[in-house]
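The residues making up each chain are set out below.
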Amino acid sequence: MASSNPFASILKTLEKPGGGEFGKYYSLPALGDPRIGQIWNRLPYSIRILLESAIRNCDEFQVKAKDVEKIIDWENSSPKQVEIPFKPARVLLQDFTGVPAVVDLACMRDAMNMLGGDSNKINPLVPVDLVIDHSVQVDVARSENAVQANMELEFQRNKERFGFLKWGSNAFDNMLVVPPGSGIVHQVNLEYLGRVVFNREGILYPDSVVGTDSHTTMIDGLGVAGWGVGGIEAEAAMLGQPMSMVPPGVVGFKLSGKLKDGVTATDLVLTVTQMLRKHGVVGKFVEFYGQGMSELSLADRATIANMSPEYGATMGFFPVDHVTLQYLKLTGRSEETVSMIESYLRANNMFVDYSQPQVEKVYSSCLELNLEDVEPCMSGPKRPHDRVPLKEMKADWHSCLDNKVGFKGFAIPKESQSKVVEFSFHGTPAQLRHGDVVIAAITSCTNTSNPSVMLGAALVAKKACELGLEVKPWIKTSLAPGSGVVTKYLEKSGLQKYLNQLGFNIVGYGCTTCIGNSGDLHESVGSAISENDMVAAAVLSGNRNFEGRVHPLTRANYLASPPLVVAYALAGTVDIDFETEPIGLGKDGKQIFFRDIWPSTEEVANVVQSSVLPEMFKATYEAITQGNPMWNQLSVPSSILYTWDPNSTYIHDPPYFKSMTMSPPGPHGVKDAYCLLNFGDSITTDHISPAGSIHKDSPAAKYLMERGVDRRDFNSYGSRRGNDEIMARGTFANIRIVNKLVKGEVGPKTIHIPSGEKLTVFDAAMRYKSEGQDTIILAGAEYGSGSSRDWAAKGPMLLGVKAVIAKSFERIHRSNLVGMGIIPLCYKPGQDAETLGLTGHERYTIDLPSSVSEIKPGQDITVVTDNGKSFTCILRFDTEVELAYFDHGGILQYVIRNLIAGKQ
């Protein structure tokens with residue numbers, strides 16, 4: 001078990017500049033390791049954060065001195081794929097992923113109560129911030145009343161989920177719930193929640209965060225290490241458990257020069273995304289440095305960091321420097337706090353001072369970009385890294401119409417490309433052509449956190465209005481800022497009225513169009529598109545534009561800066577060359593060109609300087625937790641134990657701890673198990689775990705209809721993640737899944753081996769369970785790749801799956817399986833089900849020692865079948881901590897017993 005910290009000798013006092021002290025800190029320069037002298041100045045800043053965390057949390061159980069050693073020796077250990085533990089300083093949630101996390105915490109409280117423990121001990125041990133931002137939809141647009149109308153609909157749809165989250169905010173310590181209508185999680189994190197340096201109980205340490213949303217990386221722009229993880233990992237981190245990770249490679253990205261006049265941060269991030277995708281940075285940290293850093297505002301850096309998932313990196317990290325400190329002051333952080341942050345980071349060699357000579361860091365590989373080479377651009381029509389320079393946009397559009405169907409093609413026959421569809425909009429004659437814009441949305445934390453591009457868009461609107469340009473009334477225009485600060489500076493600048501005049505009224509404060517909550521198009525527009533097979537376009541300032549994501553009827557979706565969103569709304573089409581063709585006709589019939597409405601960099605900077613003020617941030621965030629009338633009227637019980645409603649189809653008490661006792665169950669082998677599913681390679685978490693809409697013929701649909709839920713009210717699996725009954729029924733319910741037991745038939749079916757019947761996966765699993773039979777899964781390589789989804793491990797556990805035998809596992813999914821008590825086994829190299837002659841019709845026995853002390857991480861295990869086959873697998877419990885989880889039946893059971901025993 002845990003012992004005292006072997007690094008206690010390097011705990012130093014941090015003095016205040018004017019006398020007194022800020023607190024104590026673990027001093028990295030005081031380590032005294034002879035290698036530190038040689039490599040210290042060359043160790044990437046992002047790795048220093050992992051090092052400090054390992055030193056501070058070292059207890060020779062969860063974090064060992066040899067783990068610290070691996071991080072110091074990062075240059076050599078990174079290529080070897082060894083594992084290290086990491087304990088983040090805090091956890092960030094949004095409402096889609098936050099609901100199941102709070103369900104699990106509520107359920108753990110019940111278990112504590114049942115076992116005679118203190119339910120109050122189930123509280124996050126690190127700060128948890130949950131921002132409700134994923135539920136608002138653009139039902140109403142182009143209206144002064146849009147914010148209120150959309151919020152009323154949001155509350156009608158989500159009242160039950162919101163009530164549950166509000167109960168959680170009152171019932172749990174260390175948990176802040178930011179109500180609907182406040183902003184987007186990553187912008188709120190940047191402007192308000194980000195600490196940069198923590199000072200807890202007299203100990204100072206760097207802020208770091210894991211979040212259940214892939215764009216958590218936005219905070220990397222503030223010098224805070226942060227990235228996205230799955231729900232089980234986030235819950236474990238909340239409850240003080242370390243995350244297991246491989247020391248990442250670090251790609252150095254050197255910036256020089258400055259952006260040309262009129263070029264935006266969005267143009268820059270789309271360029272960086274394309275470069276890094278080409279370079280290959282999956283699973284790596286990217287660290288930005290160089291003299292060009294001084295030319296990038298903090299908001300520009302955050303825009304680049306935000307899109308880490310699109311270029312594939314774990315982080316896009318910007319170490320703290322003077323620009324960071326200025327931003328902290330601008331956003332209303334106190335002088336005392338900023339002074340503490342600077343003093344700590346300087347003392348611990350984590351601050352970049354560009355006025356001093358810079359020592360080149362050691363990076364796994366390097367890239368360089370001169371900012372002067374960045375040109376105005378967009379990305380699309382179907383992927384964020386398919387960048388198109390603005391000057392090539394018209395030609396690129398025409399080649400997309402010609403090309404065969406693919407990421408850059410729609411295969412529209414030449415003779416149909418100039419087709420014009422006539423329709424009537426509110427009694428007015430209207431026309432639609434291929435490439436016409438039907439959605440123009442200023443949306444997403446990627447851009448709405450950046451005052452330069454937001455005020456740039458407002459200046460485009462002002463110039464356009466003054467010249468007499470208008471946006472066609474059937475284009476669905478919207479503005480959804482990521483925080484209330486944006487509204488304040490748009491009002492102060494006097495420019496919001498011009499955005500309103502063009503239809504860019506504020507529709508709400510949340511993700512909206514960026515995550516596909518774009519609402520319906522007008523019926524006449526929708527019919528014109530679908531009945532005539534038109535390729536309509538959306539232009540949005542978001543971060544993802546995959547097919548079907550933004551809106552089902554927009555086959556072409558382009559990511560662009562907010563000012564370009566306004567320009568394309570005015571043009572009404574993406575089929576335009578802004579250099580040579582007019583955007584429209586002004587009030588005197590004169591042709592107006594793009595250059596007539598585009599503001600200079602200096603014009604934008606002047607408005608930013610006079611309109612974006614520290615008191616706006618202070619006022620916005622002082623009010624943020626006070627909620628709004630609809631949130632405040634939600635009445636919720638004040639009990640510390642949740643009162644589950646047995647009739648609820650959104651929130652359900654899961655069965656994880658129903659038969660739990662204080663004695664760990666110990667390791668379980670598997671005896672005479674049937675194979676539930678037999679898969680090939682590359683089964684992703686999308687195949688395993690429900691996402692998207694609930695199919696009308698699925699077991700989940702049957703469950704809802706039996707409970708009187710109309711098909712139109714099914715909602716999505718995402719919104720029902722708090723109900724294990726629905727999520728279990730949706731596990732392996734992907735309509736594209738291929739299971740070898742049904743001989744190549746595509747769909748969520750399997751064979752119940754004893755009877756030979758073909759059933760849905762859920763029905764077969766329930767039959768095995770009722771007969772008291774264990775089940776296993778056979779799989780190929782990369783099992784569980786894709787988005788990290790906690791339900792991809794929870795679902796199989798609820799179906800009764802005891803083990804998965806695969807050629808290889810995706811890292812996060814393997815640890816999630818361990819966390820739910822499922823045994824991960826890997827075939828020996830060169831072997832798989834086919835080479836061993838396994839069909840999945842056999843019964844499988846996996847013998848494990850009955851005492852966990854006799855099991856070693858990564859040891860060989862023999863698997864025997866009922867038809868006389870025997871083969872050796874590698875047991876993929878990779879650490880002693882994972883073996884402890886397995887001994888207890890899962891990570892949450894381990895935490896509960898330790899809390900009751902007073903060991904946590």
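Residues numbered from 1 in each chain as written. Predicted model: local features only at pLDDT ≥ 70, side-chain atom pairs only at ≥ 80, totals over all residues. Heavy atoms only, no water.

**Student:** Got a sec to walk through the overall build of the protein? Specific residues and values, please.
**Tutor:** Per the secondary structure count, the protein includes 32 helices and 34 strands. At 28 Å, the protein has a C-alpha radius of gyration in line with the 29 Å of a compact globule built from 904 residues. Over its C-alpha atoms, taken along the principal directions, the protein stretches across nearly 85 × 75 × 55 Å. The buried share of the protein, reckoned over its 904 residues, is 61%. The contacts of the protein with a sequence gap of at least 6 include a subset with a gap of at least 24, amounting to 75%. (Helix = DSSP H or I, 4+ residues; strand = E, 2+ residues; numbered from the N terminus. Rg over C-alpha atoms; globule rule 2.2 N^0.38 Å. Buried < 20%, exposed > 50% of the residue type's maximum accessible area, 1.4 Å probe, protein only. Contact = heavy atoms within 4.5 Å.)

**Student:** Please give an account of the sheet that holds strand 7 (residues 197–200) that cites residues and values.
**Tutor:** What the 4 strands build is an open sheet, ordered 1-2-8-7; its pairing is mixed. Single-partner strands in this sheet number two, and they are strand 1 (11–15) and strand 7. Taken over all neighbouring pairs, the strand axes of this sheet differ in orientation by 40° on average, direction set aside. Relative to strand 8 (residues 203–206), strand 2 (residues 21–26) is paired through 2 bridges, and the arrangement is parallel. (Pairing = 2+ DSSP bridges. Axes fitted to C-alpha atoms, helices over the stretch in contact; angles between N-to-C directions.)

**Student:** If you had to explain the pattern of salt bridges to someone new, which residues and values would you point to?
**Tutor:** By the definition in use, this model includes 37 salt bridges. A salt bridge links Asp697 to Lys696; the shortest N-O distance between them is 3.5 Å. Of the charged contacts in the structure, one is a salt bridge between Asp860 and Lys828, with a shortest N-O distance of 2.9 Å. Of this pair, Asp860 sits in strand 33 (residues 860–865) while Lys828 sits in the loop between strand 31 (823–827) and strand 32 (843–846), and the two are 32 residues apart along the sequence. Among the charged side chains, a network of salt bridges with common partners joins Arg90, Asp129, Arg195 and Asp207. (Salt bridge = Lys/Arg side-chain N within 4 Å of Asp/Glu carboxyl O.)

**Student:** Quick one: what's the story with the environment of Ile777, residue by residue and with numbers?
**Tutor:** In this structure, Ile777 sits in strand 29 (residues 775–778). The exposure class of Ile777 is buried, given its relative accessible area of 0%. Linking Ile777 and Glu335, residues 442 residues apart in sequence, is a C-alpha distance of 57 Å.

**Student:** How would you sum up the environment of Gly572? Please name residues and give values.
**Tutor:** Checked against the element boundaries, Gly572 lands in the loop between helix 20 (562–571) and strand 24 (584–585). The exposure class assigned to Gly572 is buried, which follows from its relative accessible area of 5%. On a C-alpha basis, the gap between Gly572 and Thr649 in space is 43 Å, while along the polypeptide they are 77 residues apart. Dropping the residues within four chain positions of it, Gly572 is found in contact with Asp436, Val437, Lys472 and Ile475.

**Student:** Go over the sheet that holds strand 9 (residues 208–211) with me, naming the residues and quoting the values.
**Tutor:** One key point about sheets: their strands pair by backbone hydrogen bonds, in either a parallel or an antiparallel sense. Judged by pairing direction, the sheet is parallel, and its 5 strands sit side by side in the order 6-5-4-9-10 without closing on themselves. Taken across any chain shown, the strands that pair with only one partner, and hence form the sheet edges, are strand 6 (175–178) and strand 10 (225–228). Each strand of the sheet is rotated relative to its neighbour by a mean of 15°, with strand direction disregarded. Of the pairings in the sheet, the one linking strand 4 (residues 90–94) to strand 5 (residues 128–131) comprises 4 bridges and is parallel in character. Each residue of the ladder has a partner; that of Val91, found in strand 5, is Val128. Lying on the sheet, helix 7 (residues 185–193) is in contact with strand 4, strand 5 and strand 6; it crosses strand 4 at an angle near 140°.

**Student:** Help me get a handle on the pairing of strand 29, residues and values and all.
**Tutor:** Judged by which residues are buried, strand 29 turns out to be covered on both faces: Thr775 and Ile777 on one side and Ile776 and Leu778 on the other are all buried. In the sheet, strand 26 (residues 670–678) pairs with strand 29 via 4 bridges, with the strands oriented parallel. Counted as the bridge partner of Tyr674 is Thr775 from strand 29. Bridge analysis of strand 29 against strand 30 (residues 801–806) gives 4 bridges, and the strand direction is parallel. If you follow Leu778 over to strand 30, its bridge partner there is Ile805.

**Student:** Tell me what's going on with the packing of aromatic side chains, and back it up with residues and numbers.
**Tutor:** All told, the structure shown has 29 aromatic pairs when counted by the stated rule. With a centroid separation of 5.1 Å and 75° between ring planes, the pair formed by Phe155 and Phe162 is classed as edge-to-face. The exposure class of Phe155 is buried, given its relative accessible area of 7%. Arranged with centres 4.6 Å apart and planes meeting at 35°, the rings of Phe877 and Phe886 form a pair that is tilted. An aromatic cluster is defined as three or more aromatic residues linked by ring pairs; in this entry it consists of Phe164, Trp167, Phe172, Tyr642 and Trp644. A cation over a ring is seen here: Arg48 above Tyr45, with NZ or CZ 4.4 Å from the ring centre. One Lys or Arg, Arg383, reaches over the ring of Phe407 and ends 3.8 Å from the middle of that ring. (Phe/Tyr/Trp six-rings, centres within 6.5 Å; stacked < 30°, edge-to-face > 60°. Lys NZ or Arg CZ within 6 Å of the ring centre and 35° of its normal.)

**Student:** Give me helix 31 (residues 880–887): which residues, what numbers.
**Tutor:** Burial analysis of helix 31 places 7 of its 8 residues in the buried class, which makes it a mostly covered element. Among all positions in helix 31, only Val881, Glu882, Leu883, Ala884, Tyr885, Phe886 and Asp887 are buried. Residues of helix 31 that are buried in the fold lie against helix 30 (811–819), strand 31 and helix 32 (891–900).

**Student:** Which residues make up the nonpolar core, and what values go with them?
**Tutor:** Of all hydrophobic cores here, the largest spans 305 residues; its most connected members are Trp227 and Tyr783. When residues of this core are assigned to their parent elements, the largest contribution, 10 residues, is made by helix 5 (residues 95–114). With residues near it in sequence (within four places) discarded, Trp227 still touches Leu50, Phe86, Val209, Val210, Gly211, Thr216, Thr217, Met243, Met245, Phe285, Thr314 and Met315. (Core = buried A, V, L, I, M, F, W, Y, C linked by side-chain atoms within 4.5 Å.)

**Student:** Would you mind going over unusual backbone geometry in detail, with residue names and values included?
**Tutor:** A cis amide bond, omega 10°, links Gly380 with the succeeding residue Pro381. Here Pro381 is to be found in the loop between strand 16 (377–379) and strand 17 (387–389). Even without a glycine there, the phi angle at Ser682 is positive, about 55°. You can see Ser682 is positioned in the loop between strand 26 and helix 25 (685–688). Classification of Ser682 as partly exposed rests on a relative accessible area of 33%.

**Student:** Quick one: what's the story with helix 30, residue by residue and with numbers?
**Tutor:** Burial analysis of helix 30 places 8 of its 9 residues in the buried class, the great majority of the element. Looking at helix 30, one finds that the buried residues are Ile812, His813, Arg814, Ser815, Asn816, Leu817, Val818 and Gly819.

**Student:** Mind laying out the side chain of Glu287, listing which residues take part and the relevant values?
**Tutor:** Tracing the backbone through its elements, the reader meets Glu287 in strand 13 (residues 285–289). Buried within the structure, Glu287 lacks any salt-bridge partner; Lys361 is the closest side chain of opposite charge, at an N-O distance of 6.7 Å. Among the polar contacts made by the side chain of Glu287, one reaches the side chain of Ser46 at a distance of 2.8 Å. Look past the residues within four positions of Glu287 in its chain and what remains in contact with it is Pro44, Tyr45, Ser46, Val250, Val251, Gly252, Phe253, Phe317, Pro319 and Tyr363. (Lys, Arg positive; Asp, Glu negative; His and termini not counted. Polar contact = N/O pair within 3.5 Å; in protein donor to acceptor, adjacent residues only side chain to side chain.)

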